[in-house]
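Examining the three-dimensional arrangement
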Amino acid sequence: PAKKSRLCIRGDLDPDLLDLERFSPTINTVNFNLLLQVAANEDMDATIGDLKNAFCQSQPLQRKQGALYFQQPKEGIQGLHPEQIVLIINGCYGLGDASLHWRKSLTKELFELGYVPSKMDPCLFLLWSKTEQKLEGAIAVEVDDLFTVGHQIHHSKIQQLQKKFVFGKYV
């Protein structure tokens, strides 16, 4: 497997850390298995994808204590003076609320595409037909990984989502 490297912020030094909402749910195994069964019963096509550097694709970060900055790593950042500090404008890996901040950014886009959260699991988003009581598709969210099932309408919505966010792999 390819090695990955990404910038990780010292979230333990965040002045807002103790005031941050940090809980971000993950999908329940039973509900995921139920999704697989529904997809099989309804002859839905499945896809899986991950979002590239998802936390950095989140909505702009706003904090009570003001803007957040970080010092560059020892090896520096190409194009910056070695003593220059960097303003954090989006979520970053290592921040205590990064996962939740990303989740809120993703769910905002899912709502705009017509998906609604399942009453059984907050990590499962459903797309219902506008004309009949029929499930067109579903998305299981596991932080920055998406497992989706659905019919053509759902897959066209996923294409719209891919225009808003950069995906790593998507198959």
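Above this text is the structure in question.
Residues numbered from 1 in each chain as written. Predicted model: local features only at pLDDT ≥ 70, side-chain atom pairs only at ≥ 80, totals over all residues. Heavy atoms only, no water.

For the rest of this paragraph, the subject is the side chain of His151. By the element assignment, His151 lies in the loop between strand 7 (145-150) and helix 3 (152-164). Setting aside residues no more than four positions away along its own chain, His151 makes contact with Glu42, Asp43, Met44, Lys134, Leu135 and Glu136. (Helix = DSSP H or I, 4+ residues; strand = E, 2+ residues; numbered from the N terminus. Contact = heavy atoms within 4.5 Å.)

The subject of this paragraph is unusual backbone geometry. Positive phi, normally seen in glycine, also occurs at Asp43, with a value near 55 degrees. Note on placement: Asp43 falls in the loop between helix 1 (29-41) and strand 1 (45-51). The residue Asn53 is not glycine, and still its phi comes out positive at about 45 degrees. Positionally, Asn53 belongs in the loop between strand 1 and strand 2 (68-71).

A word on the sheet that holds strand 8 (residues 167-170). The antiparallel open sheet is built from 6 strands, whose spatial order is 4-5-6-7-1-8. With one partner strand each, in any of the chains shown, strand 4 (116-117) and strand 8 form the two edges of the open sheet. Sheet strands in contact with helix 1 are strand 5 (124-128), strand 6 (135-142) and strand 7, and its direction is about 30 degrees off that of strand 7. Packing of helix 2 (residues 98-112) onto the sheet brings it into contact with strand 1, strand 4, strand 5, strand 6 and strand 7, and relative to strand 5 it is tilted by some 10 degrees. (Pairing = 2+ DSSP bridges. Axes fitted to C-alpha atoms, helices over the stretch in contact; angles between N-to-C directions.)

Here we come to the pairing of strand 5. Strand 5 sits mainly inside the fold: 4 of its 5 residues count as buried. Counted between consecutive antiparallel strands, the loop separating strand 4 from strand 5 contains 6 residues. In terms of strand pairing, strand 5 meets strand 6 through 5 bridges, oriented antiparallel. Counted as the bridge partner of Leu127 is Gly137 from strand 6. Counting the residues that bridge the hairpin from strand 5 to strand 6 gives 6 residues. (Buried < 20%, exposed > 50% of the residue type's maximum accessible area, 1.4 Å probe, protein only.)

Quick look at a nonpolar patch on the surface now. Together, Tyr69, Ile85, Leu87 and Ile89 make up an exposed nonpolar region whose accessible area comes to about 410 Å². Along the chain, Ile89 falls in the loop between strand 3 (85-88) and helix 2. The exposure class of Ile89 is exposed, given its relative accessible area of 53%. (Patch = residues over 30% accessible without salt bridge, like charges linked within 9 Å, V, L, I, M, F, W, Y side chains within 5 Å. Areas by Shrake-Rupley, 256 points an atom, 1.4 Å probe, with all protein chains shown as cover. Salt bridge = Lys/Arg side-chain N within 4 Å of Asp/Glu carboxyl O.)

Our next topic: the state of the cysteines. Taken as a whole and assessed by the stated rule, the structure comprises 0 disulfides. Free of any disulfide, Cys8 has its nearest cysteine sulfur in Cys92, 9.1 Å distant. (Disulfide = S-S within 2.5 Å.)

Another aspect to go through is helix 1. Along an α-helix, residues three or four positions apart point the same way, because every turn accommodates 3.6 residues. Compared with the 18 Å implied by 1.5 Å per residue over 13 residues, the 19 Å span of helix 1 between its first and last C-alpha is a close match. When helix 1 is considered as a whole, its buried residues turn out to be Asn31, Leu35 and Ala39. For helix 1, the buried positions fall inside an angular range of 85 degrees around the axis, keeping them on one side. Facing away from the buried surface of helix 1 by more than 90 degrees, the exposed residues are Thr29, Val30, Ala40 and Asn41. On its buried face, helix 1 sits against strand 5, strand 6 and strand 7. Among the residues of helix 1, the N-terminal cap falls to Asn28, whose side-chain oxygen and the backbone nitrogen of Val30 are separated by 2.7 Å. Note on helix 1: the residue one or two positions beyond its end, Asp43, has a positive phi of about 55 degrees. (Expected span 1.5 Å × (residues − 1). Arc of directions from axis to C-beta. Polar contact = N/O pair within 3.5 Å; in protein donor to acceptor, adjacent residues only side chain to side chain.)

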